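Structure assessment
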Amino acid sequence: MNTKVVKINRIQPNPGAIYEAGNIIKSGGLVAFPTETVYGLGGDAFNPDSSRKIYEAKGRPSDNPLIVHISNITDIDAVATDIPAQAYELAARFWPGPLTMILKKRPELPKETTGGLDTVAIRMPVNEVALDLITASGGFIAAPSANRSGKPSPTQAQYVIEDMYGFVDMIIDGGDCDIGLESTIIDLTTSPVMILRPGFITYETLKEIIPDIVFDGAVIDSDSEEPPRAPGMKYRHYAPKAEMTLVTGSVDNVISYINDRIAAKSAEGLKTGVIATDETHYLYNADSVKSLGSRKNEKQIAKNLFKVLREFDDEDIDVIYAESFEEKGVFRATMNRMIKASGNKEVRV
Ligand code: TXA
Ligand code: MG
């Protein structure tokens with residue numbers, strides 16, 4: 001398949017290209033596009049063939065439902081039914097933005113889009129290119145993250161091109177994603193309301209509006225017997241090629257443990273990497289040491305994680321040791337992705 005790549009951003013708006021991209025989606029094609037969280041791989045949410053094509057392009061199991069992206073809050077009624085008042089309250093406060101709500105789906109929405117479930121995930125992104133594209137394509141774009149299944153979600157167009165070139169009709173390069181981690185997902189069809197995937201909109205913030213909100217058990221306990229309620233959370237997502245270990249403990253213990261392991265792995269002839277922070281990166285002796293940013297800036301740490309994982313892939317690093325973060329606020333979302341990237345390999349020192 002021929003893939004057209006176009007750049008669109010605030011300085012270079014390109015209404016012609018948005019119109020063309022909208023027509024591609026309307027006629028059943030696929031367009032990869034920027035959002036404030038990560039890049040999405042979009043097709044017409046009401047066209048079952050488009051959803052099938054998305055699964056194929058991603059190499060993703062088709063029981064893993066897609067998020068429906070809208071560009072007007074009121075369009076929620078066209079895809080969902082039995083909507084609780086709380087959903088409108090949340091939409092008024094957090095949309096457009098990185099919050100996805102699970103609601104009961106309307107029968108008109110094809111089951112291919114929702115992976116056979118009778119619920120639907122809905123989100124209104126804040127990124128302007130995304131909003132313009134959604135409107136131009138008829139209002140309802142089904143989109144997972146635009147990575148090949150198993151790879152970290154793409155936060156820059158170059159990674160979308162790496163994964164999706166030849167698999168989609170168009171890739172819109174809108175620059176770096178502002179947040180860099182996927183949206184917070186909450187399920188409003190359960191009582192109490194549940195967080196299925198932590199994100200930039202935190203538990204602490206959501207609790208102000210929904211005081212009894214809880215985490216899906218499988219999200220806080222990665223060894224839980226119960227499968228996660230978001231089907232996609234059961235996969236070892238975000239996986240770098242290297243074997244990754246997350247190291248938790250006092251700063252001094254973490255640094256000395258990691259340096260010991262690095263020495264041992266180097267002696268075995270392996271190429272080593274460390275995921276560090278601005279406060280510590282100069283203290284490690286690995287082949288490649290990358291800082292996620294300052295521990296004082298949880299947003300910066302979140303934004304850099306997937307980029308750093310992809311960079312280690314490009315450098316053919318064999319083993320990665322990563323510092324960990326306190327599980328609160330936005331750090332909780334970062335830690336959730338790091339635990340997955342490590343395939344649950346956590347060491348306490
Ligand atoms: O920030 C985001 O949410 C990005 C951008 C592109 O919007 N999208 C994204 O999509 O991360 P994806 O497909 O990579 O992750 C969606 C997650 C999956 O874990 C999926 O299983 C879950 O949402 N999900 C979708 N519909 C669901 C439903 N009806 N019930 C439970 N989980 C659902
Ligand atoms: Mg994904």
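See above for the structure.
Quantities reported herein were computed from a predicted structural model and do not represent experimental measurements.

Around ligand 1 lies a shell of 29 residues, among which T37, N64, H69, S183 and G232 are the nearest. Residue S145 places a side-chain N or O atom 2.9 Å away from an oxygen atom belonging to ligand 1. For ligand 1, the protein covers 99% of the area, taking 690 Å² as the surface of the free molecule. When residues of the shell around ligand 1 are traced back to their parent elements, those giving at least two are β4 (67-69), β7 (119-123) and β11 (194-197). In terms of residue count, β7 provides more of the shell around ligand 1 than any other element does, 4 residues in total. Looking at the shell around ligand 1 residue by residue, the class counts come to 16 nonpolar, 8 polar and 5 charged.

Enumeration over the complete set of coordinates arrives at 3 aromatic pairs. Both rings, one in F46 and one in F140, keep their centres 5.3 Å apart while their planes meet at 85 degrees; by these two values the pair is edge-to-face. On the criterion of sequence distance, the pair formed by F46 in the loop between β3 (40-44) and α2 (48-58) and F140 in the loop between α5 (128-136) and β8 (141-143) is long-range, its members being 94 residues apart. F140 sits in the buried class, given a relative accessible area of 13%. Measuring from ring centre to ring centre gives 5.1 Å for F325 and F331, while their planes differ by 15 degrees; the resulting arrangement is stacked.

Turning our attention to helix α9 (residues 251-267). The first and last C-alpha atoms of α9 sit 24 Å apart over 17 residues, in line with the 24 Å expected at 1.5 Å per residue. The inward-facing, buried residues of α9 abut β13 (243-248), β14 (272-276) and β16 (319-323). Within two residues after α9, G269 carries a phi angle of roughly 85 degrees, on the positive side.

A separate point is the pattern of salt bridges. Within this structure, the stated rule accounts for 22 salt bridges. When the shortest N-O distance is used, the salt bridge between E208 and R93 registers 3.5 Å. Taken together, the positions of E208 in helix α7 (residues 203-209) and R93 in helix α4 (residues 85-94) put the pair 115 residues apart, joining distant regions of the chain. Classification of E208 as exposed rests on a relative accessible area of 57%. With its nearest N and O atoms 3.0 Å apart, the salt bridge here joins R310 to D163. Note that R310 is positioned in helix α10 (residues 298-314) and D163 in helix α6 (residues 157-164), a separation of 147 residues in sequence. Grouping residues by exposure puts R310 and D163 together as buried.

The subject of this paragraph is the environment of V129. Along the chain, V129 turns up in helix α5. Distance in space between the C-alpha atoms of V129 and N14 is 9.4 Å, their sequence separation being 115 residues. The residues contacting V129, other than those within four sequence positions of it, are I8, I18, P34 and I172.

Turning our eyes to something else, we now look at unusual backbone geometry. Along the chain, W95 connects to P96 via a cis peptide bond; the corresponding omega equals -5 degrees. Within the element layout of this structure, P96 appears in the loop between α4 and β6 (99-105). Cis geometry marks the peptide bond from S191 to P192; its omega dihedral reads -5 degrees. Counting through the fold element by element, P192 comes out in the loop between β10 (184-187) and β11.

If you trace the backbone, D44 turns up in strand β3. Of the buried charged residues, D44 lacks a salt bridge, with K26 as the closest side chain of opposite charge at 9.5 Å. The residues touching D44, leaving out its near neighbours within four places in the chain, are I25, S50 and F140.

A few words on the sheet that holds strand β15 (residues 288-291). Two modes of strand pairing occur in sheets, parallel and antiparallel, and in both the strands are linked by backbone hydrogen bonds. Taken together, 5 strands build an open sheet; the order of strands is β15-β14-β16-β13-β17 and the sheet is parallel. Looking at which strands have only one partner, the edges of the open sheet turn out to be β15 and β17 (346-348). Strand-to-strand twist of the sheet, defined as the mean angle between neighbouring strand axes without regard to direction, takes the value 20 degrees.

Time to look at the pairing of strand β9 (residues 170-173). Regular strands have side chains that alternate between both faces of the sheet. Burial along β9 is two-sided: M170 and I172 and I171 and D173, pointing in opposite directions, are all buried. By the bridge criterion, 4 bridges tie strand β1 (residues 4-7) to β9 in an arrangement that is parallel. When the bridges of β9 are listed, K7 appears paired with D173. In this sheet, β9 lies alongside strand β2 (residues 31-33) in parallel orientation, the contact comprising 2 bridges. What sits directly across from A32, in β9, is I171.

Conventions and cut-offs
Residues take numbers from 1 onward in each chain, read along the sequence in its written order. Starting at A for chains and at 1 for ligands, labels are handed out in the order in which the entities are written. The predicted nature of this model means local features are confined to residues of pLDDT at least 70 and side-chain atom pairs, given and counted, to a pLDDT of 80 or more, with totals for whole chains, interfaces and linings taken over all residues. The side-chain figures draw on all heavy atoms in the structure; neither hydrogens nor water molecules are used. Residues are labelled near a given molecule or strand when at least one of their non-hydrogen atoms is within 4 Å of it. We define a polar contact as two N or O atoms separated by no more than 3.5 Å, with the added condition that, inside protein, one atom must be a possible hydrogen donor and the other a possible acceptor, whereas residues neighbouring each other in sequence contribute only through side-chain atom pairs. Only the protein chains shown count as cover for residues, and the accessible areas themselves come from Shrake-Rupley with a 1.4 Å probe. The secondary structure listing takes helices from DSSP runs of H or I that are at least 4 residues long and strands from runs of E that are at least 2 residues long, numbered from the N terminus. In this classification, the charged set is Asp, Glu, Lys and Arg, the nonpolar set is Ala, Val, Leu, Ile, Met, Phe, Trp, Tyr, Cys and Pro, and all remaining amino acids, among them Gly, are polar. The rule is short: rings of Phe, Tyr and Trp, with Trp giving its six-membered ring, pair when the centres are within 6.5 Å, and they are stacked under 30 degrees, edge-to-face over 60, tilted in between. Only protein chains enter the calculation, and the probe is 1.4 Å; a residue is then buried if its accessible area is under 20% of its type maximum, exposed if over 50%, and partly exposed in between. Multiply 1.5 Å by the residue count of a helix minus one, and that product is the helix's expected span. Any two residues whose heavy atoms approach within 4.5 Å are treated as being in contact. By convention in these notes, a salt bridge is any Lys or Arg side-chain nitrogen within 4 Å of a carboxyl oxygen on Asp or Glu. The convention is simple: Lys and Arg are positive, Asp and Glu are negative, and His and the chain ends are not counted. One bridge is not enough; two strands pair if DSSP finds at least two bridges between them. An axis is simply a line fitted to the C-alpha atoms; with a helix, the fit covers only the stretch in contact. Between two such axes, the angle follows the N-to-C directions and lies from 0 to 180 degrees.

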